[in-house]
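Architecture at a glance
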Amino acid sequence: MPAPPQPARPTLRRPEDSAGSSEALRVGIAVAAVTLVAVVGPPLGLSPGVIALAAGGALLALSVDAARFGGRGGHLLAEALPGGRARLRRIAIHEAGHVLVAQEEAMAVRQVLVGSLACLRQGLAASGSTELDPPAHAKLPAEELRRWSRVLQAGMAAETLIYGSSRGGADDRALLGRLWGLSGFDVATAQREQRRARREVDQLLLARRDLLEQQAEQLLDAAPRLFAPAGQPPAPVPLAAAPSQP
């Protein structure tokens, strides 16, 4: 009898927008810009050659972005420009929340990525990612689901603690919903347990805010950025150890 399939290793991604809608927006902006130049260019003295060159440049930039950076060139540039570290810090806070609570729940963290460049190097269209060992079975008991509920909501809780709101976490919520659904629990029970888990995570992160920010700084220092000086690849990030329980 063949062995049952094992669940895939969970990767907690932090996409900041839908790839499809983002690509459509970029194309729409490029078309609008070319149309505007074509209309107002001749009265301003722009030759048809200049207009054609501008149109070709815009389309070339979109093509390079799609082929080389998976349509995330704007994110890469924003993270590399002045102010990009603040953008990356928010991502690091999100991922550090996952890491800290995963440690509390004795879940192994396999990989943590901060920033679009780090994710693209691993083939992920995201701005941040935390990879954990998968659960032993697709159908989980209630207590195991509560553990996953705390870990999966920790990124959103960490962002809310530091910034007052959460921008990431759509994939986390979707994965959490699938775990509860596959385990056979009704929606009302799943939502009640998730709210309970979120309150527990909020309390934990509030009590360990200093450790959360320390972990985020370690992740931030290791995050690659475009145009950063070339050098040795960063060493594996040492995960800050949670204080032992009395």
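Please read these numbers as outputs of a predicted model, since none were measured by experiment.

What counts as what
- Residues numbered from 1 in each chain as written.
- Predicted model: local features only at pLDDT ≥ 70, side-chain atom pairs only at ≥ 80, totals over all residues.
- Heavy atoms only, no water.
- Core = buried A, V, L, I, M, F, W, Y, C linked by side-chain atoms within 4.5 Å.
- Buried < 20%, exposed > 50% of the residue type's maximum accessible area, 1.4 Å probe, protein only.
- Helix = DSSP H or I, 4+ residues; strand = E, 2+ residues; numbered from the N terminus.
- Axes fitted to C-alpha atoms, helices over the stretch in contact; angles between N-to-C directions.
- Parallel < 35°, antiparallel > 145°, perpendicular 65-115°, else oblique.
- Contact = heavy atoms within 4.5 Å.
- Nonpolar A, V, L, I, M, F, W, Y, C, P; charged D, E, K, R; others polar.
- pLDDT = per-residue confidence, 0-100.
- Pairing = 2+ DSSP bridges.
- Expected span 1.5 Å × (residues − 1).
- Bend = angle between axes of the 7 residues up to and from the residue.

1. Comments concerning the nonpolar core
Core analysis: the largest hydrophobic core is formed by 37 residues, its most contacted members being V101, V114, W148, L179 and L205. When contributions to this core are tallied by element, the ones reaching two or more residues are α4 (84–104), β2 (109–114), α6 (142–163), α7 (170–182), α8 (187–207) and α9 (209–222). Per-element tally for this core: the top contributor is α4, with 9 residues. Core analysis: the second largest hydrophobic core is formed by 5 residues, A118, C119, L124 and A126 among them.

2. Section: the packing of α6 against α9
It is at 12 Å that the axes of α6 and α9 come closest, and there the two elements cross at 105°. Relative to α9, the element α6 lies roughly perpendicular. Note on element contacts: α9 touches α6 through R209, L212 and E213, opposite A158, L161 and I162. Its residues assigned to classes, the contact of α6 with α9 shows 4 nonpolar, no polar and 2 charged.

3. Remarks on the confidence of the model for the protein chain
For the protein chain, per-residue confidence averages 76 on the pLDDT scale, and 62% of positions sit at 70 or higher. Long-range and interchain partners of residues 58–71, a stretch whose pLDDT sits below 50, account for 14 contacts in this model, where long-range means more than four residues apart. Confidence over residues 230–246 falls short of pLDDT 50; this stretch has 26 contacts with residues more than four positions distant or in other chains.

4. Topic: the environment of A197
Within the secondary structure layout, A197 lies in helix α8. Residue classification places A197 among the buried residues on the basis of a relative accessible area of 2%. Separated by 44 residues in sequence, A197 and Q153 place their C-alpha atoms 8.0 Å apart.

5. Some remarks on the pairing of strand β3 (residues 128–132)
Of all 5 residues in β3, 5 are buried, a share of seventy percent or more. When β2 meets β3, the two strands line up antiparallel, connected through 5 bridges. Looking across to β3, one finds that Q111 is bridged to E131.

6. Here's the deal with α6
In this model, α6 (22 residues) spans 31 Å end to end at C-alpha, consistent with the 32 Å of a helix rising 1.5 Å per residue. The largest bend in α6 amounts to roughly 45° and is located at A154. The buried fraction of α6 is high, at 16 of 22 residues.

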